[in-house]
Amino acid sequence: MAEVNQQGCLFVGEGVVLVGNFEVPDIASISGTVEGELTAKQVLIEATGIVRGKLTGESIDIRGEVNEHVSSTRSLIIRSTGKVTGSIHYSEIEIEKGGHLHGDLHNLDPHS
Amino acid sequence: MSIFSKNQPSAENEPSASNSEEAVQEFVAPNQEEPPSASPPEQFTKAESTPRSNVLSKPSIISEGFVFEGTITSDGVLNIAGTVLGKITAKSVLIDSGGQVDGELNSEQLVIKGRLQGSVNCEDLNVGPLAQVDGDISYKYIHIQRGGKVSGKFIKN
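The rules we used
Within each chain, residues carry numbers counting from 1 in the order of the written sequence. The lettering of chains begins at A and the numbering of ligands begins at 1, in the order of writing. Selection of residues for local features in this predicted model requires a pLDDT of at least 70, selection of side-chain atom pairs for listing and counting requires 80 or more, and totals for whole chains, interfaces and linings are taken over all residues. The way it works is that DSSP assigns letters per residue, a run of H or I at least four long becomes a helix, a run of E at least two long becomes a strand, and they are numbered from the N terminus. Residues are called buried when their C-beta atom has 20 or more other C-beta atoms within 10 Å, exposed when it has 12 or fewer, and partly exposed otherwise; all C-beta atoms are positioned from the backbone. By the criterion used throughout, residues are in contact when their C-beta atoms, derived from the backbone, lie within 7 Å. Basically, the charged four are Asp, Glu, Lys and Arg, the nonpolar ten are Ala, Val, Leu, Ile, Met, Phe, Trp, Tyr, Cys and Pro, and anything else, Gly included, counts as polar. At least two bridges found by DSSP between two strands is the condition for calling them paired. pLDDT is a per-residue confidence score from the predictor, ranging from 0 to 100. Here, a nonpolar core means buried Ala, Val, Leu, Ile, Met, Phe, Trp, Tyr and Cys residues linked by C-beta atoms lying within 7 Å of one another.

## Structural notes on the overall build of chain B
Part 1 of the reasoning: Each helix and strand counted, chain B has four helices and eleven strands in total.
Part 2 of the reasoning: By the burial criterion, 23% of the 157 residues in chain B qualify as buried.
Part 3 of the reasoning: Long-range contacts, defined here as pairs at least 24 residues apart, represent 3% of the contacts in chain B between residues at least 6 apart.

This is the structure we're talking about:
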């Protein structure tokens, strides 16, 4: 899906370390490390990926590690290898068995 | 006659045969679906592989419309379809889709399909798609199915 149209996408390969704030209009696929703020429409944190800082997006899929803050306006999936610590805001959440969750969970629209 | 048969059970064929027949009938009656020779070893392996209480003890059930206020302690399985206000300690707890728990909950296995409010301490947590959970939760293994609404502090042990 990502390879078809790479316009507006960010790919961070394994071993790459990015520091700063990033606005990604479409897909952000992280196999390396991002330190800072990352905003994307769709975020994929691969098993080797690490985000330290603030992660915001519509759909977020976490197989790696995210620290500090996660905010997802549509769907948040923490896979079995995923590890999330810090405050988490979501509208729809799914955690696979084995997923690691440590922190505060907040539902963005609790009465929907 | 009864004295006579008791004195010579081995010499006489008839009383021993009728005794064993009765015993067999009693044994067969409850599990007619399976041959009696196959079922006992199967039960033994089950009892060894899964926690004992799951196989041996019946679940305690708080049915729909039932409101319980107080402390529940159990070594076995607890199914809640009604409402519990208070403290629950059990090995395995199921909060059914209409069930509601308000208070403190300690268990090894916890399945939530209904509503839960309060502090939870468990090993294995499974939150169903229609569940609503609000509170401080410490767990070892967690599984939240899509749609489950959870909020609060989560701590992995």
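Picking up where we left off.
## Remarks on the overall build of chain A
Part 1 of the reasoning: Counting its secondary structure elements, chain A contains zero helices and eight strands.
Part 2 of the reasoning: Taken from the N to the C terminus, the helices and strands of chain A come in the order β-β-β-β-β-β-β-β.
Part 3 of the reasoning: In terms of overall dimensions, chain A has a C-alpha envelope of 35 × 25 × 25 Å along the principal axes.
Part 4 of the reasoning: Considering chain A as a whole, with its 112 residues, one finds that 33% of them fall into the buried category.
Part 5 of the reasoning: Within chain A, residue pairs in contact and separated by at least 24 positions form 3% of the contacts whose partners lie at least 6 positions apart.

## Describing the interface of chain B and chain A
Part 1 of the reasoning: The interface of chain B with chain A comprises 16 residues on the first partner and 17 residues on the second.
Part 2 of the reasoning: Of all the secondary structure elements, the ones that give two or more residues to the side of chain B that touches chain A are β10 (141-144) and β11 (149-156) of chain B.
Part 3 of the reasoning: For the side of chain B that touches chain A, the leading source of residues is β11 of chain B, giving eight residues.
Part 4 of the reasoning: In terms of residue class, the side of chain B that touches chain A is built from six nonpolar, six polar and four charged.

## Quick word on the pairing of strand β8 (residues 100-107) of chain A
Part 1 of the reasoning: Sheet topology note: the strand β6 (residues 83-90) of chain A/β8 of chain A ladder contains eight bridges and is parallel. Bridge pairing in β8 of chain A places Ser87 of chain A opposite Asp104 of chain A.
Part 2 of the reasoning: For β8 of chain A and β11 of chain B, the ladder comprises three bridges, and the chain directions are antiparallel. Directly across from Leu105 of chain A, in β11 of chain B, lies its bridge partner Gly152 of chain B.

## What about the pairing of strand β4 (residues 83-95) of chain B?
All names here are of chain B.
Part 1 of the reasoning: Here strand β2 (residues 67-73) runs beside β4; their pairing, made up of seven bridges, is parallel. Its bridge partner lying in β4, Ile72 is registered against Ile88.
Part 2 of the reasoning: Relative to β4, strand β3 (residues 77-80) runs parallel, the two being bridged by four bridges. Counterpart to Val77 in the pairing with β4 is Ser92.
Part 3 of the reasoning: Across twelve bridges, β4 lies against strand β5 (residues 100-112) in parallel orientation.

## Notes on the confidence of the model for chain B
Part 1 of the reasoning: Of the residues in chain B, 64% have a pLDDT of 70 or more, and the chain-wide mean is 78.
Part 2 of the reasoning: Contacts of residues 8-50 of chain B to residues separated by more than four positions or lying in other chains number 13 contacts, the stretch itself having pLDDT below 50.

## Re the environment of Ile80 of chain B
Residue and element names in this part refer to chain B.
Part 1 of the reasoning: For Ile80, the location among the structural elements is in strand β3.
Part 2 of the reasoning: Judged by the 29 C-beta atoms lying within 10 Å of it, Ile80 is buried.
Part 3 of the reasoning: Along the sequence, Ile80 and Asp102 sit 22 residues apart, while their C-alpha atoms lie 12 Å from each other.

## Quick notes on unusual backbone geometry
Part 1 of the reasoning: The residue Glu68 of chain A is not glycine, and still its phi comes out positive at about 85 degrees.
Part 2 of the reasoning: By secondary structure assignment, the location of Glu68 of chain A is in strand β5 (residues 65-78).

## A few points about the nonpolar core
Part 1 of the reasoning: In this structure, Ile80, Val93, Leu110 and Ile112 of chain B are the most contacted members of the largest nonpolar core, which totals 53 residues.
Part 2 of the reasoning: With residues near it in sequence (within four places) discarded, Ile112 of chain B still touches Ile95, Val127, Gly128, Ala131 and Val133 of chain B.

## Here's the deal with the environment of Glu108 of chain B
All names here are of chain B.
Part 1 of the reasoning: Within the secondary structure, Glu108 sits in strand β5.
Part 2 of the reasoning: Remark: the alpha-carbon pair of Glu108 and Cys122, spanning 14 residues in sequence, is separated by 5.0 Å.
Part 3 of the reasoning: Among all residues touching Glu108, those that are not within four sequence positions of it are Lys91, Ser92, Cys122, Glu123 and Asp124.

## Some remarks on the environment of Leu85 of chain B
All names here are of chain B.
Part 1 of the reasoning: By secondary structure assignment, the location of Leu85 is in strand β4.
Part 2 of the reasoning: The class of Leu85 is partly exposed, set by 14 C-beta atoms lying within 10 Å.
Part 3 of the reasoning: Sequence separation of Leu85 and Gln117 is 32 residues, and the distance between their C-alpha atoms is 9.6 Å.
Part 4 of the reasoning: Leaving out residues up to four positions away in the same chain, Leu85 has contacts with Glu69, Asp102 and Gly103.

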